[in-house]
Amino acid sequence: MHLLSQTEGQLALQLARLYAESAVTGNPPHGDPELTEIFTEKRGVFVTLTKCGDLRGCIGFPFPVIPLADAIKDAAQHAAIHDPRFYPVNEGELRQIKIEVTILTQPVLLECEPGERPSAVIVGRHGLIAEMNGHTGLLLPQVAVEYGWGPVEFLRETCNKAGLHPDAWTNASCNILTFEGQIFKE
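Residues numbered from 1 in each chain as written. Predicted model: local features only at pLDDT ≥ 70, side-chain atom pairs only at ≥ 80, totals over all residues. Heavy atoms only, no water.

*Asks:* Could you give me a rundown of helix H1 (residues 6–25), with the residues and numbers involved?
*Replies:* For H1, which comprises 20 residues, the first-to-last C-alpha distance of 28 Å matches the rise-based estimate of 28 Å (1.5 Å per residue) to within 8%. Here H1 lies mainly inside the structure; 14 of its 20 residues are buried. Once H1 ends, the next one or two residues include Gly26, with phi positive near 80°. (Helix = DSSP H or I, 4+ residues; strand = E, 2+ residues; numbered from the N terminus. Expected span 1.5 Å × (residues − 1). Buried < 20%, exposed > 50% of the residue type's maximum accessible area, 1.4 Å probe, protein only.)

Have a look at this one:
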């Protein structure tokens, strides 16, 4: 997977801001930035909104199912007004909202025995997906760093996010996938 350049990362942030603001104001977006070829590639992406350092919305696509530009647009709109954990962002908040775009690599199954999973997880590099019995939870790579978690706590919190018992990662029927993320922040 090709990484985005710093310039392309700034374009991703501009695109996310444009579509988050459009979703909040109800006005059609205007002035789409001129995007490079990489934005036509299918990529996983998450758009995170924070206000005064607190999470205000985070929505994305873990798997590369649509072109990056479309994924950023959809994720930004949904993070602003459809994240079920928060009330919709209002116009008065827009100036206080900071945007972060995380471009994901393809998630891959962590292929080791459950007891070896903590030593295979690299905090600060890996994001995690836990899947079991129809439940799925995802935490971005930066989350473990922000909270100061080690690999075991990161695994536990990912299972918790999936609605599973925190120790579900120790069960062979729980799939753990890892991915990496390229992070761009306003």
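*Asks:* Break down the side chain of Gln182 for me, citing the residues and quoting the values.
*Replies:* Here Gln182 lies in strand S8 (residues 181–185). Since its relative accessible area comes to 14%, Gln182 is described here as buried. A polar side-chain atom of Gln182 sits 2.7 Å from the main-chain carbonyl oxygen of Leu4. Not counting residues up to four positions away in its chain, the partners in contact with Gln182 are Leu3, Leu4, Val101, Thr102 and Ile103. (Polar contact = N/O pair within 3.5 Å; in protein donor to acceptor, adjacent residues only side chain to side chain. Contact = heavy atoms within 4.5 Å.)

*Asks:* Before we move on, can you summarise the layout of surface pockets with the specific residues and values?
*Replies:* Roughly 740 Å³ of internal volume is contained in the largest pocket. Along the wall of the largest pocket there are 28 residues; nearest its centre are Thr48, Leu55, Cys58, Arg85 and Val143. Secondary structure elements with two or more residues in the lining of the largest pocket: strand S1 (44–51), strand S2 (54–61), strand S3 (97–104), strand S6 (135–139) and helix H4 (141–147). Counting residues per element, the lining of the largest pocket draws most heavily on S2, which supplies five residues. (1 Å grid on protein atoms, 1.4 Å probe; cavity = no way out; pocket = protein on both sides within 12 Å on 5 of 7 lines; lining within 4 Å. Points joined across faces, edges and corners; volume = space filled by probe spheres on them.)

*Asks:* Describe in detail the sheet that holds S1, supporting the description with residues and values.
*Replies:* One key point about sheets: their strands pair by backbone hydrogen bonds, in either a parallel or an antiparallel sense. Spatially, four strands are ordered S2-S1-S3-S8 in an open sheet, and the strand pairing comes out antiparallel. Either end of the sheet is taken by a strand with one partner, and the two such strands are S2 and S8. Neighbour-to-neighbour, the strand axes of this sheet turn through a mean angle of 15°, independent of strand direction. The strands touched by helix H2 (residues 68–81) are S1, S2 and S3; relative to S2, the strand with the most contacts, the crossing angle is about 145°. (Pairing = 2+ DSSP bridges. Axes fitted to C-alpha atoms, helices over the stretch in contact; angles between N-to-C directions.)

*Asks:* Residues and numbers for unusual backbone geometry, please.
*Replies:* A positive phi angle, close to 55°, is found at Cys52, a residue other than glycine. Position of Cys52 relative to the elements: it lies in the loop between S1 and S2. Since its relative accessible area comes to 65%, Cys52 is described here as exposed. With phi around 50°, Asn133 is a residue other than glycine that occupies positive phi space. With respect to the element layout, Asn133 can be found in the loop between strand S5 (127–132) and S6.

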